[in-house]
Amino acid sequence: MLRSIESLHGCAVVARDGEMGTVSQAYFDDEAWGVRYLVVDTGNWISKRQVLISPYSIRHSDPGSDTVQVDLTRQQVRDSPDIDTRKPVSRQYETSHLLYYGYPRYWGGANLWGLDAYPAFPGSTEAPRFDPEAPVNPEPHADEPAADIHLRSTNAVKGCHIKAVDGSIGHVSGFVFDDVAWVIRYLSVDTRNWWPGGKEVLLATQWISQTNWFDSTVSTELSREAIRNSPAYDDTVPLSRNYEQSLHGFYGKEAYWSKDDTESLLAHIGDTAS
């Protein structure tokens, strides 16, 4: 289902043994646009600490429930590696975080989640296994960068200016993600600060050519006139496949779900053959 990242903000995060905080923002990578972590404010529960929750741990997050249920215990979260969300999230930290919870690395594979298109793996419906005596801050490998420069927070990207092929037009006003694959499909763009009578529109993340964090811009090869005339987006109405088809048809772009359907069919054929 497609929904806005903002629909998660303020949602209570509920572990197997009780509530543990609320969602404040998300981290995503600006290459594959996968939503890699939710940032959870724990309030006074553990000294106003913020923690990262991977989609691997999420069991349920219906839009109307105002809760995100995770297959973790409060003690597991309490003992998880510390994170300073004011600094870039390093690959070293991600490695220790995923090792702690027993989750696979998402990078280095052919798909959005490593070997898979979704954040799931055998045994993921059960509580992650971990050894409390095992080291959770291993030294990074020599061939790994100190930080993943493509991991960004939604709070930091919101407000970035959209740069079309022929100039600026609007700014990022939100994010629309797939809550099964945990991938951002669209950026919502507010054009009303660029032309009188402007509107909010959607840009598919596959149409983004570059992100520049030094000057806070997101670039696309689309023209300002095309964006100006594209179908309007109303975030109060659920995003339908009919609207998506209309949007992709307007730009003459291949639909992402055509590729997803092909990959699913090939995976099915592979499973049948084995």
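Values in this document were obtained by computation on a predicted structure and should not be read as measured data.

Calculation rules
- Residues numbered from 1 in each chain as written.
- Predicted model: local features only at pLDDT ≥ 70, side-chain atom pairs only at ≥ 80, totals over all residues.
- Heavy atoms only, no water.
- Helix = DSSP H or I, 4+ residues; strand = E, 2+ residues; numbered from the N terminus.
- Buried < 20%, exposed > 50% of the residue type's maximum accessible area, 1.4 Å probe, protein only.
- Contact = heavy atoms within 4.5 Å.
- Salt bridge = Lys/Arg side-chain N within 4 Å of Asp/Glu carboxyl O.
- Arc of directions from axis to C-beta.
- Phe/Tyr/Trp six-rings, centres within 6.5 Å; stacked < 30°, edge-to-face > 60°.
- Lys NZ or Arg CZ within 6 Å of the ring centre and 35° of its normal.
- Pairing = 2+ DSSP bridges.

1. Some words on the overall build of the chain
Part 1 of the argument: A count of helices and strands for the chain gives six helices and 14 strands.
Part 2 of the argument: With 274 residues in all, the chain has 47% of them scored as buried.
Part 3 of the argument: Counting only contacts in the chain whose residues sit at least 6 apart along the sequence, the fraction spanning at least 24 positions is 58%.

2. Thoughts on unusual backbone geometry
Part 1 of the argument: Even without being glycine, aspartate 66 reaches a positive phi, approximately 60°.
Part 2 of the argument: Examined against the element boundaries, aspartate 66 turns out to sit in the loop between strand E6 (58–60) and strand E7 (67–70).
Part 3 of the argument: Even without glycine at this site, tryptophan 182 takes up a positive phi of about 55°.
Part 4 of the argument: Within the secondary structure, tryptophan 182 is located in the loop between strand E10 (167–178) and strand E11 (183–190).
Part 5 of the argument: Tryptophan 182 sits in the buried class, given a relative accessible area of 4%.

3. Side note on the pattern of salt bridges
Part 1 of the argument: For the structure on display, the rule yields 11 salt bridges.
Part 2 of the argument: Of the charged contacts, one joins arginine 36 and aspartate 29 as a salt bridge, the two residues approaching to 2.7 Å between their closest N and O atoms. For the residue pair arginine 36 and aspartate 29, the accessibility class agrees, reading buried in each case.
Part 3 of the argument: Put simply, glutamate 94 and arginine 91 hold a salt bridge, and the shortest N to O gap is 3.2 Å. A residue pair is termed a helical-turn pair when its members lie 3 or 4 positions apart in one helix, as glutamate 94 and arginine 91 do in helix H2 (residues 91–101) at three residues. Comparing glutamate 94 with arginine 91, the two get one shared label, buried.

4. What about helix H5 (residues 241–251)?
Part 1 of the argument: Buried within H5 we find Tyr243, Glu244, Leu247, His248 and Tyr251. Axial view of H5: buried residues confined to an arc of 130°, hence all on one face. Turned more than 90 degrees from where H5 packs its buried face, Asn242 and Gly249 sit exposed.
Part 2 of the argument: Looking one or two places after H5, you find glycine 252, whose phi comes out positive at around 70°.

5. Structural notes on the packing of aromatic side chains
Part 1 of the argument: Within the structure shown, the criterion is met by 14 aromatic pairs.
Part 2 of the argument: Taking the centre distance of 5.3 Å and the plane angle of 25° together, the rings of tyrosine 56 and tyrosine 103 count as stacked. Remark: tyrosine 103 occurs in the loop between H2 and strand E8 (151–153) and tyrosine 56 occurs in the loop between strand E5 (50–53) and E6; sequence separation between them is 47 residues. The exposure classification of tyrosine 56 matches that of tyrosine 103, with both residues buried.
Part 3 of the argument: Ring centres 5.1 Å apart and planes at 40° place the aromatic pair phenylalanine 177 and tryptophan 182 in the tilted group. Tryptophan 182 matches phenylalanine 177 in its accessibility class, with the two residues each being buried.
Part 4 of the argument: Chaining the aromatic ring pairs together yields one cluster made of Tyr56, Tyr100, Tyr101, Tyr103, Tyr106, Trp107 and Trp113.
Part 5 of the argument: The ring of tryptophan 195 has arginine 228 lying over it, and the distance from NZ or CZ to the ring centre is 4.4 Å.
Part 6 of the argument: Against the face of tryptophan 257 rests arginine 241, its NZ or CZ located 4.1 Å from the ring centre.

6. Considerations on the pairing of strand E3 (residues 18–29)
Part 1 of the argument: When you tally the buried positions in E3, you get nine out of 12 residues, the bulk of the element.
Part 2 of the argument: Strand direction decides the pairing type here: strand E2 (residues 12–15) and E3, joined by four bridges, are antiparallel. Each residue of the ladder has a partner; that of valine 13, found in E3, is glycine 21.
Part 3 of the argument: Between the antiparallel neighbours E2 and E3 lie two residues.
Part 4 of the argument: Across six bridges, E3 lies against strand E4 (residues 35–41) in antiparallel orientation. Bridge pairing in E4 links phenylalanine 28 to valine 35.
Part 5 of the argument: Hairpin geometry of E3 and E4 is characterised by an intervening segment of five residues between the two adjacent antiparallel strands and by a positive phi of about 65° at tryptophan 33.

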